[in-house]
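# A look at the structure
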Amino acid sequence: MSKNKKKNSKQTSEQPIADEELNINAAEANEAADTDGNTNEENTEEQENSEPKTPEEQIAALEQQVADLKNAMLYKVAEFENYRKRTIKEKADLILNGGKKVMEALLPVADDLERAEANIEKATDVEALKEGLQLVFQKFTKTLEGLGLKKMEVVGEDFSTDYHEAIAFVPASDEQKGKVIDCVQNGYMLNEQVVRFAKVAVGQ
């Protein structure tokens, strides 16, 4: 009998604590609900305040939006016009002064040619004159190569309309048929692009 009483008294003492916890949780839930409700009401009020309430206010808001869009469009048009003018100017400068680098590179060769021309009349040693001219020509070739211009080596290569212009067909052995037998005028490539086709004789 005493054990049952103790057990009942223990359950009775624990029950109020549980009820108290439930009351606290319920109060917190109510407070959270009230907070969410107040927040939703505030958002609704802000939306109602931000939206025009009369047709006149709606028209004024739309007119302001149109004005903003018009200003943005005018700004973009002006920006594009400035870009277009700048591009045209840069293109014109490139056309006028695009060969400046080439001219600057060729000036030393031109100076050598002038000196060689001045010494031709006074030269007595033909071999020395020939050697000087060969040096100038080598310098000229290296200058062109430095600018990206390269001479085609075509003799013995298969004939190709991408690089060669056939001006003659000559009888040839079976091994030389369809190949370049002779080059009449050299072809050149600038940065891997053909600037002049090589005029060649092709075996047939």
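Please read these numbers as outputs of a predicted model, since none were measured by experiment.

### Quick look at the overall build of the protein
The number of helices and strands found in the protein is four helices and six strands. Moving toward the C terminus, one meets the helices and strands of the protein in the order α-α-α-α-β-β-β-β-β-β. As presented, the protein carries roughly 17000 Å² of accessible surface, and 54% of it is formed by carbon and sulfur atoms.

### Digging into the nonpolar core
Of all hydrophobic cores here, the largest spans eight residues; its members are Met152, Val154, Val180, Cys183, Met189, Ala198, Val200 and Val202. Those elements that place two or more of their residues in this core are strand 3 (180-185) and strand 6 (198-203). Setting aside chain neighbours within four positions, we find Val202 in contact with Phe159, Ala166, Ala168, Phe169, Val170, Gly178, Lys179 and Ile181.

### Some words on the pairing of strand 6
Look at any regular strand and the pattern is simple: side chains alternate between the two faces of the sheet. In terms of burial, strand 6 is largely enclosed, as five of its six residues are buried. By the bridge criterion, six bridges tie strand 2 (residues 164-170) to strand 6 in an arrangement that is parallel. Within the sheet, the bridge partner assigned to Glu165 lies in strand 6 and is Lys199. Sheet topology note: the strand 3/strand 6 ladder contains four bridges and is antiparallel. When the bridges of strand 6 are listed, Asp182 appears paired with Ala201.

What counts, and where the lines are drawn
Residues numbered from 1 in each chain as written. Predicted model: local features only at pLDDT ≥ 70, side-chain atom pairs only at ≥ 80, totals over all residues. Heavy atoms only, no water. Helix = DSSP H or I, 4+ residues; strand = E, 2+ residues; numbered from the N terminus. Areas by Shrake-Rupley, 256 points an atom, 1.4 Å probe, with all protein chains shown as cover. Core = buried A, V, L, I, M, F, W, Y, C linked by side-chain atoms within 4.5 Å. Buried < 20%, exposed > 50% of the residue type's maximum accessible area, 1.4 Å probe, protein only. Contact = heavy atoms within 4.5 Å. Pairing = 2+ DSSP bridges.

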